[in-house]
Amino acid sequence: MRAVVWKGPHSVEVQDVKEPQIQEDTDAILKLTSTAICGSDLHMYEGRTSAKPGTVFGHENLGVIEEVGKDVKTFKAGDRVVVPFNISCGFCFNCTRGYTSACLVTNPEMASAAYGYADMGPYKGGQAEYVRVPYADFNCLALPGTPGDSFEDDFICLADIFPTGYYGTDLAQVGPGDTVAIFGAGPVGLMSVISSSLRGASEIYVVDKVPERLSKAAELGAIPIDFSKGDPVEQIFSHRSQSKVGGQKLRPGSEKMPGVDCAIDAVGYEAIDRSDLSRQNPSQVLQDISRVTNPTGRVGIVGVYLAQDPGGVNDEAKQGNFTFPLGKMFSNGLSIGMGQAPVKRYNSYLRDLIVANKAHPGTIISHHLPLDAAPEAYADFGKRGDGYTKIILKPQAA
Ligand SMILES: [Zn+2]
Ligand SMILES: [Zn+2]
């Protein structure tokens, strides 16, 4: 079968590789109908992780079950499913408590496993014609309809970006009436916009500098803030001071709360340095969040920070050590949550919102390309602009 194989920094190739087989009686083999390129794939693509050449990429996988092992009870060949990017067992101490992002069984090296990702275990990715799904009963999410129907683009978002964007709003405890600042209008940031709306936020700000991404955020109901046009925190303060809610000073003491109740980092360690847009500053977003979040506010960090970054801006960053204003965050009493989303905790509810016509995450998808176009797709998506908000590869396309 054909699969997207990483050769080294800025180089992927579509190669013929061995088809996956059932290895355990609890496995399923999935025939992919849609498989997405993720912003976190770009970190590997660019050589900014400990990924080994030869890795088959792809952790956002939707398709139809081709074959199941003899112990799989709830799924059969022909069923349409999407699988969380986290691979989890369903029975370990963390899985049973809903922390499927920290499964203790599926990765011999650490508490976390995923398809086709650096350090995330021995699993091949799904940017391929087929992928092996371990513990299929637990990992597969049943879907209605048939491949290629009007839900195809919405359902692929259930593998990662929709639950991850939602998780950001859960960590930041976004609730009715809250004001929210989301850093990053990539796919996950846009999913946090949709999720903040679903949870009843009154004002949603989105900080980015790519015009297409900002206009997508505006389309979804957010207020776009372009950080290439000045300090985004000052822009949000200024907007809030004139907004219907913030401008009327309806809350006693509101002059000491010029920012937002909730902030979400959907950027991570490859953040652009605002003082020099040609450089990176891995703590730029955390610095901005420490200023824009009101005292007693809540922060969700879902943008990726890695412990090993060969391309880090300095020796500390190469080891995952970042400097950010913890003192200010402490004195403001901020609550901070972070990490990989436990997709399984959310995906059945988010699927039901899609099926009930109350959420349309697939509207952010900009490109559908055959698997063979992966080398160009990675190069183009890697520029993080030019209209490429989200790319879906179609492995079954001729
Ligand atoms: Zn992803
Ligand atoms: Zn587990």
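Since this is a predicted model, take the numbers as computed values, not measurements.

What counts as what
- Residues numbered from 1 in each chain as written.
- Chains lettered and ligands numbered in written order.
- Predicted model: local features only at pLDDT ≥ 70, side-chain atom pairs only at ≥ 80, totals over all residues.
- Heavy atoms only, no water.
- Buried < 20%, exposed > 50% of the residue type's maximum accessible area, 1.4 Å probe, protein only.
- Helix = DSSP H or I, 4+ residues; strand = E, 2+ residues; numbered from the N terminus.
- Arc of directions from axis to C-beta.
- Contact = heavy atoms within 4.5 Å.
- Domains from an automatic or database assignment.
- Salt bridge = Lys/Arg side-chain N within 4 Å of Asp/Glu carboxyl O.
- Polar contact = N/O pair within 3.5 Å; in protein donor to acceptor, adjacent residues only side chain to side chain.
- Nonpolar A, V, L, I, M, F, W, Y, C, P; charged D, E, K, R; others polar.
- Patch = residues over 30% accessible without salt bridge, like charges linked within 9 Å, V, L, I, M, F, W, Y side chains within 5 Å.
- Areas by Shrake-Rupley, 256 points an atom, 1.4 Å probe, with all protein chains shown as cover.
- Donors = N, O, S within 2.8 Å, 3.2 Å for Na, K, Ca; no water.
- Tetrahedral: all angles 85-135°; square planar, octahedral: opposite > 155°, others 65-115°.
- Phe/Tyr/Trp six-rings, centres within 6.5 Å; stacked < 30°, edge-to-face > 60°.

1. Topic: helix α7 (residues 211–219)
Consideration 1: Those residues of α7 that fall on the buried side of the exposure criterion are Arg213, Leu214, Lys216 and Ala217. Taken end-on, α7 shows its buried residues confined to a sector of 155°, consistent with a single buried face. Among the exposed residues of α7, those oriented more than 90 degrees off its buried face are Pro211 and Glu219.
Consideration 2: Contacts made by the buried residues of α7 are with α6 (187–198), β9 (203–208) and β10 (223–226).

2. Concerning unusual backbone geometry
Negative phi is the rule for most residues except glycine; trans is the rule for most peptide bonds.
Consideration 1: Look at Tyr135: it is not a glycine, yet its phi comes out positive at around 45°.
Consideration 2: Inspection of the secondary structure puts Tyr135 in the loop between β6 (130–133) and α3 (136–139).
Consideration 3: Here Thr296, not a glycine, exhibits a phi torsion of approximately 70°, which is positive.
Consideration 4: Accessibility expressed as a relative area gives 56% for Thr296, which makes it exposed.

3. Concerning the domain arrangement of the protein chain
Consideration 1: Entries for the protein chain in the domain assignment read domain 1 (2–160 + 342–394) and domain 2 (167–338).
Consideration 2: The C-alpha-based centres of domain 1 and domain 2 are spaced at 27 Å.
Consideration 3: On the domain 2 side, the residues contacting the 23 residues of domain 1 number 22 residues.
Consideration 4: Taken together, the links from domain 1 to domain 2 amount to 2 salt bridges.
Consideration 5: A salt bridge links Glu270 to Arg48; the nearest nitrogen and oxygen atoms lie 3.5 Å apart.
Consideration 6: Our count for the domain 1 to domain 2 interface comes out at 8 residue pairs in polar contact (both at pLDDT 80 or more).
Consideration 7: Sorting the residues of the side of domain 1 that touches domain 2 by element identifies α1 (39–45) and α12 (343–355) as the ones contributing at least two each.
Consideration 8: Top element by residues in the side of domain 1 that touches domain 2 is α12. It accounts for 3 residues.
Consideration 9: Broken down by class, the residue content of the side of domain 1 that touches domain 2 amounts to 7 nonpolar, 9 polar and 7 charged.

4. Details of a nonpolar patch on the surface
Consideration 1: Where nonpolar side chains cluster on the molecular surface, the patch consists of Phe91, Phe93, Leu104 and Val105 and spans about 410 Å² of accessible area.
Consideration 2: For Val105, the location among the structural elements is in the loop between α2 (93–96) and β6.
Consideration 3: Under the relative-accessibility criterion, Val105 is labelled partly exposed at 36%.

5. Things to note about the side chain of Glu152
Consideration 1: Note that Glu152 resides in helix α4 (residues 152–156).
Consideration 2: What makes Glu152 buried here is its relative accessible area of 4%.
Consideration 3: Sequence-distant contacts of Glu152, that is, excluding residues within four places in its chain, are made with Thr33, Ser34, Leu62, Arg80, Pro147 and Lys394.

6. Some words on the coordination of the zinc ion (ligand 2)
Consideration 1: Listed as protein donors to the zinc ion (ligand 2) are Cys89 (SG), Cys92 (SG), Cys95 (SG) and Cys103 (SG); their distances from the metal cover 2.3 to 2.4 Å.
Consideration 2: Geometry at the zinc ion (ligand 2) is tetrahedral, judged from its 4 donor atoms and the angles of 103 to 118° they form at the metal.
Consideration 3: On the primary sequence, the residues serving as donors to the zinc ion (ligand 2) are separated as C-x2-C-x2-C-x7-C. Of the two residues, Cys89 and Cys92, neither departs from the other in class, the shared state being buried.

7. Details of the packing of aromatic side chains
Consideration 1: Per the stated rule, a full pass over the model turns up 8 aromatic pairs.
Consideration 2: Ring centres of Phe91 and Tyr135 lie 5.7 Å apart, and the angle between their planes is 80°; on these two criteria the pair is classed as edge-to-face. Here the residue Phe91 occupies a position in the loop between β5 (80–83) and α2, and Tyr135 occupies one in the loop between β6 and α3, the gap between them amounting to 44 residues.
Consideration 3: With a centroid separation of 5.9 Å and 50° between ring planes, the pair formed by Tyr167 and Tyr346 is classed as tilted. Note that Tyr167 is positioned in helix α5 (residues 161–171) and Tyr346 in helix α12, a separation of 179 residues in sequence.

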